[in-house]
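Chain residues, written in single-letter form:
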Amino acid sequence: TIPLIYLVGKEFMDRNTGIIAAAAFTFSPFLIYYSQEARAYSMMLFFVTFAMVFYFRALKNNRLQDWALFGVLSALAFWTHFYALVIIGALFLYALYDLYPKIRNNLLAAKPLVTGGVLFALICLPLIIVTFQLFTKRTGSAPTFGIQGPEIILATFAQISGSVVAMYLLLILFIAGIVQAFLLDKNKGIFLVTVMVLMFVISNFLSYRMPMQPRYLICLAIVYFIAIALSYKLFFTLMDT
């Protein structure tokens, strides 16, 4: 996953962003811990990160093959763990927003994205039925363990950061990175905020219906560390002045 997050950062912004994000992935205690677990969280992270390499390429060029690969890899992520559907849904929603001007002028511009969505749906069709049954079962009664409500946000940031102290430092860099993203390209800032907010809103809602743990949101590490990596531009600007 480490080389893949480098490619994601490079596609999203530049080579430096990719290098810093890859370094953060390498030394993250949270990611190191789950890389040694026999459960599927790290594999889900791998496939989502792989899918996002082609996702950012597809947003730039709207090529059919990139959207198709995004759809296939997203499906593999969903087959690995059901919670991948949350970030995949957020990515598809942002893609509709980003491509809307092109689609408004020419409906055929939506064909590559639709192809990726159809491939995802076809590959995941048997799993979607099982997931619906599992969701119905898990939400049949109030959860007896896990984290509920807004606490899931703080707990997720703390675990991904490695500690509460590290969390406050990294959150400052995270906010600085988002500001830099908006200054450099408004849509990149909107992407970071949209994916983060959607995942937390959905997770907050689900926490009252099913057991919720920060490890379910492991894919947020992608957005989190990419935004943190972007803060390097702020330090470069400060040093230049």
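Note: the structure precedes this text.
Criteria and cut-off values
- Residues numbered from 1 in each chain as written.
- Predicted model: local features only at pLDDT ≥ 70, side-chain atom pairs only at ≥ 80, totals over all residues.
- Heavy atoms only, no water.
- Axes fitted to C-alpha atoms, helices over the stretch in contact; angles between N-to-C directions.
- Helix = DSSP H or I, 4+ residues; strand = E, 2+ residues; numbered from the N terminus.
- Parallel < 35°, antiparallel > 145°, perpendicular 65-115°, else oblique.
- Left-handed = near helix turned anticlockwise from the far one by under 90°.
- Contact = heavy atoms within 4.5 Å.
- Phe/Tyr/Trp six-rings, centres within 6.5 Å; stacked < 30°, edge-to-face > 60°.
- Buried < 20%, exposed > 50% of the residue type's maximum accessible area, 1.4 Å probe, protein only.
- Expected span 1.5 Å × (residues − 1).
- Salt bridge = Lys/Arg side-chain N within 4 Å of Asp/Glu carboxyl O.
- Nonpolar A, V, L, I, M, F, W, Y, C, P; charged D, E, K, R; others polar.

Caption draft 1: Molecular detail of the packing of helix α8 (residues 151-161) against helix α11 (residues 220-230). The interhelical angle for the contact between α8 and α11, taken along N-to-C directions, is 70 degrees, at an axis separation of 11 Å. Taken together, the axes of α8 and α11 are roughly perpendicular relative to one another. Note on packing geometry: the crossing formed by α8 with α11 is right-handed. Residues Thr156, Phe157, Ile160 and Ser161 of α8 pack against Leu220, Ala221, Tyr224 and Phe225 of α11.

Caption draft 2: Geometry of the packing of aromatic side chains. Considering all chains together, one arrives at 29 aromatic pairs under this definition. Plain terms: the ring middles of Phe82 and Tyr83 are 5.9 Å apart, the flat faces sit at 85 degrees to each other, and that makes the pair edge-to-face. By relative accessible area, which is 2% here, Tyr83 ends up buried. A connected cluster of aromatic rings, assembled from ring pairs, spans Phe12, Tyr55, Phe56, Trp67, Phe70, Phe78, Phe92, Tyr94, Tyr97, Phe120 and Phe191.

Caption draft 3: Helix α4 (residues 41-61), seen in detail. The end-to-end C-alpha distance of α4 is 31 Å, a good match for the 30 Å that 21 residues give at a rise of 1.5 Å each. Burial analysis of α4 places 15 of its 21 residues in the buried class, the great majority of the element. A positive phi of about 55 degrees marks Asn62, the residue just after α4.

Caption draft 4: The arrangement of the pattern of salt bridges in detail. A complete count under the given rule lists four salt bridges for this structure. In this structure, Arg39 engages Glu37 in a salt bridge whose closest nitrogen and oxygen atoms are separated by 2.9 Å. A relative accessible area of 43% places Arg39 in the partly exposed class.

Caption draft 5: Summary view of the packing of α8 against helix α9 (residues 164-184). Contact geometry of α8 with α9 gives a least axis separation of 8 Å together with a crossing angle of 95 degrees. In terms of orientation, α8 lies roughly perpendicular with respect to α9. The segment α8 lies against α9, with Leu154, Phe157, Ala158 and Ser161 engaging Val164, Ala166, Met167, Leu170 and Leu171. Its residues assigned to classes, the contact of α8 with α9 shows eight nonpolar, one polar and no charged.

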